[in-house]
Amino acid sequence: MSAAANPVRPLRVVQVGAGAMGRVWLRTLTASDDVDLVGVADLDVERARAAVRAAGADAKVGASLGDLLADTGPDAVVNATVPAAHNEVNIEALFAGLPVLCEKPAAPTLAEAAVQVAAAEATGRLLMISQSRRYYAALEEYRRRIAELGTPGLLSTGFFRGERFGGFRDVMEQPLLVDMAIHAFDAARHLLGAEPISVVCESWNPAWSWYRGDAAATATFLFDGGTRYVFTGSWCSEGLETPWNGQWRATGPGGTVTWDGEDRVTSSTGGASEVPAGTHEEISGALAEFVAALRTGVEPSGSIARNIRSLAMVEAAVRSAESGARVHIGALLEQAHRDALALPVREEIRARLEASGPRPG
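Quick caveat: nothing in here was measured; it's all calculated off a predicted structure. (Residues numbered from 1 in each chain as written. Predicted model: local features only at pLDDT ≥ 70, side-chain atom pairs only at ≥ 80, totals over all residues. Heavy atoms only, no water.)

A. Broad picture of the packing of helix α5 (residues 110-123) against helix α9 (residues 304-323). Between α5 and α9, the shortest axis-to-axis distance is 10 Å and the interhelical angle comes to 175°. Considered as vectors, α5 and α9 are oriented roughly antiparallel to each other. Between α5 and α9, the contacting residues are L110, A113, A114, Q116, V117 and A120 on the first element and I304, A305, I308, L311, A312 and E315 on the second. Looking at the contact of α5 with α9 residue by residue, the classes come out as 10 nonpolar, one polar and one charged. (Axes fitted to C-alpha atoms, helices over the stretch in contact; angles between N-to-C directions. Helix = DSSP H or I, 4+ residues; strand = E, 2+ residues; numbered from the N terminus. Parallel < 35°, antiparallel > 145°, perpendicular 65-115°, else oblique. Contact = heavy atoms within 4.5 Å. Nonpolar A, V, L, I, M, F, W, Y, C, P; charged D, E, K, R; others polar.)

Structural data, given as structure tokens:
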């Protein structure tokens, strides 16, 4: 990992992508004392200019990252493009010598994510994926309470919302699993301090759904240590909606603890706690961890080599839903490595893939 930043001054950052999520990132970057937004790239240059004005920023605008590198001299890149563009932008930035903080998911496929792992290793630069829903003070308190129980036998998430987004989600084959469930899957890994072994998943589209693809699913993961993690959710459940983080329950030898997905953590032995928000939550938390990683050299929780296992949970759940069979995540990661070798990639990436060999779960 390269510590590219001088801790005395803010990181000079170029953001790529000025769409809806890009505008959220622009507000976060301009509000941070740790970074100096020096450039914004988007294929729609006028959209980028409008986004920069709306954020009250003073940044150069271009159609691509390459257009801005010489003029801005950045220390790092924030990638807020659509998932299909993540691979290209991340690899361009890494081979330009720049660390990257990228929106989730790392890539549309596990093979493309494996390519990005190899690219980060080949360049010695940090590629961190922003799993923004890891960054809540209440989640950390919930994690602490779970640890007090002993290894849970069961961890579960209920996620029910009736979102009418319009756009790409409405036509996805698996809008819930692919677009949203990775947040809960990633949080489960964090809460348990363990890795998933396999999954059985069923997905379907309720008759009243306004989505083309499956807007509801139930997935049961087996984790090392024996815990079963069960995710049940729906994108088309109107009324009595859960928070965006869902509602959580863990049961272990020492009792039960719940999290309401907001600020309340309750255990059968310690009662209820109202947890105040932390200084940096959601994408602000991801940005803070990214900056800290560059300044200290400590690998962040969202580094691509770690995050690929959260993406593997998504792909495994989708494959199980499509096949009706249990899917083993180690075998899926090994296949992703073989598939990555079949993709057209830079020779430096290919050499790294060949040297590393398959990566079992």
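B. Just helix α3 (residues 65-72), in detail. Buried within α3 we find L65, L68 and T72. Viewed along the axis of α3, the buried residues span an arc of 70°, placing them on a single side of the element. Exposed positions of α3 whose direction lies more than 90 degrees from the buried face are A70 and D71. Where α3 is buried, its residues contact β1 (11-16), β2 (35-41), β3 (60-62), β4 (76-79) and α4 (83-95). (Buried < 20%, exposed > 50% of the residue type's maximum accessible area, 1.4 Å probe, protein only. Arc of directions from axis to C-beta.)

C. Looking closely at a negative patch on the surface. Taken together, the side chains of D67, D71, E88 and E92 define an acidic patch exposed on the protein surface. Topologically, D71 is positioned in helix α3. Judged by its relative accessible area of 54%, D71 falls in the exposed class. (Patch = residues over 30% accessible without salt bridge, like charges linked within 9 Å, V, L, I, M, F, W, Y side chains within 5 Å. Areas by Shrake-Rupley, 256 points an atom, 1.4 Å probe, with all protein chains shown as cover. Salt bridge = Lys/Arg side-chain N within 4 Å of Asp/Glu carboxyl O. Lys, Arg positive; Asp, Glu negative; His and termini not counted. Charge placed at Lys NZ, Arg CZ, Asp CG, Glu CD.)

D. Structural view of the environment of V100. Among the secondary structure elements, V100 is positioned in strand β5 (residues 100-103). For the pair V100 and P83, spaced 17 residues apart in sequence, the C-alpha separation works out to 14 Å. Discounting residues that sit within four places of it in the chain, V100 has contacts with V77, N79, N90, A93, L94, L126, L127, M128 and F290.

E. Representation of the nonpolar core. Core analysis: the biggest nonpolar cluster contains 82 residues, and Y142, L155, F185, F221, Y229 and W248 have the highest contact counts within it. Broken down by element, this core gets its largest block of residues, 11 residues, from helix α7 (residues 175-192). When sequence neighbours within four positions are dropped, the list of residues in contact with W248 reads Y142, L155, S156, T157, A184, A187, A188, L191, Y229, V257, T258 and W259. V13, A59, L126 and M128 belong to the second largest nonpolar core, which has 28 residues in total. (Core = buried A, V, L, I, M, F, W, Y, C linked by side-chain atoms within 4.5 Å.)

F. View of the packing of aromatic side chains. A complete count under the given rule lists 12 aromatic pairs for this structure. Seen in terms of ring centroids, F159 and W244 are 6.4 Å apart; in terms of plane orientation they differ by 50°. Their pairing is tilted. Remark: W244 occurs in the loop between β10 (228-234) and β11 (247-252) and F159 occurs in strand β7 (residues 154-160); sequence separation between them is 85 residues. Look at F165 and W235: their rings are 5.0 Å apart centre to centre, the planes differ by 85°, and that puts the pair in the edge-to-face class. In this pair, F165 sits in the loop between β7 and α7 while W235 sits in the loop between β10 and β11, placing the two residues 70 residues apart along the sequence. The exposure class assigned to F165 is partly exposed, which follows from its relative accessible area of 31%. An aromatic cluster of at least three residues, connected via ring pairs, comprises F185, F221, Y229, F231 and W248. (Phe/Tyr/Trp six-rings, centres within 6.5 Å; stacked < 30°, edge-to-face > 60°.)

G. The pattern of salt bridges, seen in detail. By the definition in use, this model includes 20 salt bridges. Residues E274 and R264 are paired through a salt bridge, measuring 2.2 Å at the closest nitrogen-oxygen approach. Here the residue E274 occupies a position in strand β14 (residues 271-274), and R264 occupies one in strand β13 (residues 264-267), the gap between them amounting to 10 residues. Assessed through its relative accessible area of 47%, E274 is described here as partly exposed.

H. Here's a closer look at the pairing of strand β12 (residues 255-259). The element β12 is largely enclosed, with a buried count of four among its five residues. In terms of strand pairing, β11 meets β12 through five bridges, oriented antiparallel. The residue of β12 that forms the bridge with G252 is G255. As consecutive antiparallel partners, β11 and β12 are separated by two residues. Between the end of β12 and the start of β13, which pair antiparallel, lie four residues, with G261 showing a positive phi angle near 85°. (Pairing = 2+ DSSP bridges.)

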